[in-house]
Amino acid sequence: MPSKMTPRQEFEQVYGQVWDTEQLIKDFRVESYLSPYAYVERKSDGRRGSLKFNHRPRFYHSFQEIK
């Protein structure tokens, strides 16, 4: 019988690392939103990029650096 995964586990299986809103504001400064993207600056190193997000449940994923 397959085990039931949480929505977060399902997102992690598809996208790798994901952030919820609380984790997002801890790790990034959000500059703007243009659905389905959030344009951000990563606090740890100042790199700017985009994250895709889903509305329900709200998870951010797939960071892509903008050079």
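Anything mentioned here points back to the structure above.
Residues numbered from 1 in each chain as written. Predicted model: local features only at pLDDT ≥ 70, side-chain atom pairs only at ≥ 80, totals over all residues. Heavy atoms only, no water.

1. Digging into the side chain of H61
In this structure, H61 sits in strand β5 (residues 59–65). Of note is the side chain of H61, whose polar atom sits 2.8 Å from the side chain of S62. Non-local contacts of H61, meaning those with residues more than four positions away in its chain, are made with F11, Y15, Q17, V18, W19, L51, K52, F53 and N54. (Helix = DSSP H or I, 4+ residues; strand = E, 2+ residues; numbered from the N terminus. Polar contact = N/O pair within 3.5 Å; in protein donor to acceptor, adjacent residues only side chain to side chain. Contact = heavy atoms within 4.5 Å.)

2. Some words on the side chain of S50
Looking at the secondary structure, you find S50 in strand β4 (residues 48–54). Once residues lying within four places of it in the same chain are set aside, the contact partners of S50 are Y37, A38, Y39, S62, F63, Q64 and I66.

3. Brief notes about the environment of P7
In this fold, P7 is placed in helix α1 (residues 7–15). Its relative accessible area of 44% is what places P7 among the partly exposed residues. As for P7 and D45, which are separated by 38 residues in sequence, their C-alpha atoms are 29 Å apart. Ignoring sequence-local partners within four residues, the contact set of P7 consists of P57 and F59. (Buried < 20%, exposed > 50% of the residue type's maximum accessible area, 1.4 Å probe, protein only.)

4. Details of the sheet that holds strand β3 (residues 37–42)
Strand pairing within a sheet occurs via backbone hydrogen bonds; the two strands may be parallel or antiparallel. Taken in spatial order, the 5 strands of this open sheet run β1-β5-β4-β3-β2, and their pairing is antiparallel. Of all strands in the sheet, those with a lone pairing partner are β1 (18–19) and β2 (28–34), marking the two edges. (Pairing = 2+ DSSP bridges.)

5. Considering the nonpolar core
Counting residues in each nonpolar core, the largest one holds 9 residues, listed as W19, L24, F28, A38, V40, L51, F53, Y60 and F63. Excluding residues that lie within four positions of it along the chain, V40 makes contacts with F28, R29, V30, E31, R47, R48, G49, L51 and F63. (Core = buried A, V, L, I, M, F, W, Y, C linked by side-chain atoms within 4.5 Å.)

6. Remarks on unusual backbone geometry
S35 connects to P36 through a cis peptide bond whose omega is 10°. Backbone geometry at S62 places phi at a positive 60°, although glycine is not the residue there.

7. Let's talk about the pattern of salt bridges
Any two side chains of opposite charge can pair if their charged atoms end up close together. Throughout the structure, instances matching the rule amount to 7 salt bridges. For D20, the salt bridge goes to R8, with nearest N and O atoms at 3.9 Å. With a gap of 12 residues between them, D20 in the loop between β1 and α2 (21–27) and R8 in helix α1 connect regions that are remote in the sequence. The class for D20 is partly exposed, based on a relative accessible area of 26%. A single salt-bridge network, built from bridges that share partners, covers R42, D45, R47 and E65. (Salt bridge = Lys/Arg side-chain N within 4 Å of Asp/Glu carboxyl O.)

So, to be careful, I would describe these as geometric facts and stop short of saying anything about function.
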